[in-house]
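Okay, here's what each chain looks like letter by letter:
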Amino acid sequence: MATTIMVQLSVDLRHQSVGLDRFLAAQRLDIQQRHEQLFNENSLEKIRQWNTLKDGYELSDNKGVAQKFIFEEELAAYKKLRYESKPAKLLEAVFKGITTYHQIHPSFGEKVFFEFPLENPHSEPINCTLEFDDTALRPVFDEEEWKFFKAVNKLTTPMERNMMRQTSEQIELYLQPRDVIFVPFVYDAFYFPSDHFNTYSTKVVFRRWDTKEPLSILDLHIHRRSFLLQHAVTFICETSGNWEKQLVLPPMTRDRRVFSCRCSDPSVRLTLRSATLQQIVGFTTYSGDTNDRKTFLLLMYSDHYQTRLMATWKVTILPFFNVDVRSIVGQTTRLHLLVHRRR
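As the structure is a prediction and not an experimental result, all values here were calculated from the model.

The helix and strand tally for the chain stands at 4 helices and 16 strands. Relative to all contacts within the chain whose residues are 6 or more apart in sequence, the contacts with residues 24 or more apart total 69%. Of the accessible surface of the chain, which amounts to about 23,600 Å², a share of 53% is contributed by carbon and sulfur atoms.

Below, the structure is given as structure tokens:
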């Protein structure tokens, strides 16, 4: 008996959800029509006439009639505003009902994996599109990468093949009737926007492909943490030339190996190779003029997907002028040295 009641309640809730979608569509159309009615030329002309009437009306003639007239006009305006704000408030409440709040706390260079449960409340299969505009956030398409992130985060949610399809214009998802899928996402704090503070938010909207109605909204809040610097290295090189350097990595914590690395400066090319028990990182870049100090971060990971950050190093390159002086011991030699400085 209890099972029958729960099933009936679930069916009623789904029917209410479908009916609510239709009601919201009608309310949005009604709001648009009322907006056009309020801000057309006739409405503006009535507002001008009303202002002219108020300016030319003398309250000293009959204060009782004037006060009653103004009170009725203000009451009518209040009722109209109150009536027109109801659909907007209802829409706001409904959008809040389909919005899921999620927050993450990455540091620079880290990758955060999470899954978003997307439900199809309809009794028919639907296609929906995925919309977002943050370059640091991306859905996971590769199944092997998805399995790796699930194993690292110890998630036991089901996996579905060919769940998403990416075209040149959009990303599409397919949902069975009454189905719930778990959409995988990765946020890469390596691409944290420089024009944002340490905290900002971004949204991912799932829309129906046919009606463009929002099915669900992910409200993601990112709180960036300060990264921990393990080591700092300074190199000196000649100015205005190609600079190449190889650095032997010391033993890591727990004798772990570095499988991948990346640099915060896109103009620096990195190479990683193993020589017996040692690992060597190679740097290749262009050195600027004197006082053109170049500083970047070297990020080292213990996996190929660059999700488990092992160490963060700070590397500084100082260009200088190479001056060769030939002289005889015991004699005074004068040499003009030109040093360029940045103004």
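That shown, we press on.
Okay, the sheet that holds strand β16 (residues 309–320) next. In space, the 4 strands of this open sheet follow the order β10-β16-β15-β12, with mixed pairing throughout. Taken across any chain shown, the strands that pair with only one partner, and hence form the sheet edges, are β10 (231–238) and β12 (260–263). Averaged over neighbouring strand pairs, the angle between their axes works out to 25° when direction is ignored. With 4 bridges connecting them, β12 and strand β15 (residues 294–301) associate as antiparallel partners. The residue of β15 that forms the bridge with Ser260 is Tyr301.

Attention now moves to the sheet that holds strand β13 (residues 269–275). Reading across the sheet, the 3 strands line up as β11-β14-β13 and stay open at both edges, with antiparallel pairing between neighbours. Each edge of the open sheet is held by one strand with a lone partner, namely β11 (241–249) and β13. Within the sheet, the average angular offset between the axes of one strand and its neighbour, ignoring direction, is 20°. In this structure, β13 lies alongside strand β14 (residues 278–287), joined through 7 bridges in antiparallel fashion. Note on β14: the bridge partner recorded for Leu272 is Val281.

Once that is clear, we can look at the environment of Arg161. Turning to its location among the elements, Arg161 is positioned in the loop between α4 (143–153) and β5 (164–166). Owing to a relative accessible area of 64%, Arg161 belongs among the exposed residues under this scheme. Counting along the chain gives 20 residues from Arg161 to Phe141, while the straight-line C-alpha distance between them is 9.5 Å.

Before going further, it helps to examine the packing of aromatic side chains. Within the structure shown, the criterion is met by 13 aromatic pairs. Aromatic side chains Phe235 and Trp243 sit 5.4 Å apart centroid to centroid with 50° between the ring planes, which places their arrangement in the tilted category. The burial state of Phe235 is the same as that of Trp243; both residues are buried. On the basis of an interplanar angle of 50° and a centroid distance of 6.0 Å, the ring pair of Phe283 and Phe296 is categorised as tilted. Taken together, the positions of Phe283 in strand β14 and Phe296 in strand β15 put the pair 13 residues apart, joining distant regions of the chain. We note that Phe283, like Phe296, is buried. Within the aromatic cluster, the residues linked to one another by ring pairs are Phe108, Phe190, Tyr191 and Phe227.

Calculation notes
Residues numbered from 1 in each chain as written. Predicted model: local features only at pLDDT ≥ 70, side-chain atom pairs only at ≥ 80, totals over all residues. Heavy atoms only, no water. Helix = DSSP H or I, 4+ residues; strand = E, 2+ residues; numbered from the N terminus. Contact = heavy atoms within 4.5 Å. Areas by Shrake-Rupley, 256 points an atom, 1.4 Å probe, with all protein chains shown as cover. Pairing = 2+ DSSP bridges. Axes fitted to C-alpha atoms, helices over the stretch in contact; angles between N-to-C directions. Buried < 20%, exposed > 50% of the residue type's maximum accessible area, 1.4 Å probe, protein only. Phe/Tyr/Trp six-rings, centres within 6.5 Å; stacked < 30°, edge-to-face > 60°.

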